[in-house]
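Observations on the three-dimensional arrangement
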Amino acid sequence: MQRLLWVLPALFNCLGAAAQTGLSPWLDSVADRFHVVRNVPEDFQFREEFTIVKFDTLWRKHRELGGIWMKGKGITGVVGALLQSDDRQCAVIYDVIDIYQFNGRGSQRWMHRSLMLNYLLAQLGTADFRYEDHVSVVAGREARRRFGADSIFTFEVPVKPQTLAGETYTRCAMLYLSRKDRVYLGFTFFFTDEGYERRAEYLSALGGAVWYKRGRWRHKPEQVVRAEQQNKVKR
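Focus on the overall build of the protein
Within the protein, the regular secondary structure consists of 8 helices and 11 strands. Split into buried and exposed, the 235 residues of the protein put 48% on the buried side. For the protein, contacts bridging at least 24 residues in sequence account for 65% of all contacts bridging at least 6. Summing over all exposed atoms, the protein offers an accessible surface of approximately 12000 Å²; the carbon and sulfur share of this is 49%.

Following this line, the structure appears as structure tokens:
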């Protein structure tokens, strides 16, 4: 499967479309507490606050067997807010912000990489591949200019047909943003066969709609986690 090198020029050359609106009052408040912005891109519509898409079997690394990877018993998937393009050829899930990614020393730095590896293992159905052959990464000035991020990760995974908001999608790509000492942000794109031909256009729609806010994040991670746990109880 080809790496998503095609999307990188589109992300960086696109001027960035003006975002229409936020997602929902609750989701916007969560993003604000984590000092990020996640708006609805131009030519997209917000569909659902909470959507689950199941993928395939999780893999587990067995250190007691020399570090080999084997299929486990659970399944992987994505959970988050569902958006759909006006032409219905693309749907995107804004993955739930993982409030627990700051638990444990060093977990925030590597958790998104672990997730990407898990998706590749599950969807490729093998551990016989090189991560670098599937994941395209851009870091530094361009990532900061586009999203205020340190790094942008893009990759494709094969999926079974998924029906979302009344349309069936056959292709899938994922995009992750990371920034030191901040939450990672994940976005899962689904395309029809026709939409797949214009995939760079849809991924570039995030430009101007999603970014890390400037300035220092004033909240301590443990305070935000505690507040989110309390809000879940209230909801």
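Section: the pattern of salt bridges
As enumerated under the stated definition, the model contains 8 salt bridges in all. In this structure, Glu-201 engages Arg-198 in a salt bridge whose closest nitrogen and oxygen atoms are separated by 3.4 Å. Among the residues examined, Glu-201 registers a relative accessible area of 47% and is labelled partly exposed. On the basis of relative accessibility, which here comes to 27%, the residue Arg-198 falls in the partly exposed class. Through salt bridges with shared partners, a single network forms among Asp-87, Glu-194, Arg-198 and Glu-201.

Brief notes about the environment of Gly-186
Within the secondary structure, Gly-186 sits in strand β10 (residues 185-191). Gly-186 sits in the buried class, given a relative accessible area of 5%. Residues Gly-186 and Phe-153, spaced 33 residues apart in sequence, show a C-alpha to C-alpha distance of 9.4 Å. Non-local contacts of Gly-186, meaning those with residues more than four positions away in its chain, are made with Ile-93, Tyr-94, Asp-95, Leu-175 and Tyr-176.

Topic: the environment of Gln-162
The residue Gln-162 is located in strand β7 (residues 162-164) in this model. As for Gln-162 and Cys-172, which are separated by 10 residues in sequence, their C-alpha atoms are 9.6 Å apart. Setting aside residues no more than four positions away along its own chain, Gln-162 makes contact with Val-53, Lys-54, Glu-167, Thr-168, Tyr-169 and Phe-190. At a separation of 3.5 Å, a polar atom in the side chain of Gln-162 contacts the main-chain carbonyl oxygen of Lys-54.

Reading the values: the criteria
Residues numbered from 1 in each chain as written. Predicted model: local features only at pLDDT ≥ 70, side-chain atom pairs only at ≥ 80, totals over all residues. Heavy atoms only, no water. Helix = DSSP H or I, 4+ residues; strand = E, 2+ residues; numbered from the N terminus. Buried < 20%, exposed > 50% of the residue type's maximum accessible area, 1.4 Å probe, protein only. Contact = heavy atoms within 4.5 Å. Areas by Shrake-Rupley, 256 points an atom, 1.4 Å probe, with all protein chains shown as cover. Salt bridge = Lys/Arg side-chain N within 4 Å of Asp/Glu carboxyl O. Polar contact = N/O pair within 3.5 Å; in protein donor to acceptor, adjacent residues only side chain to side chain.

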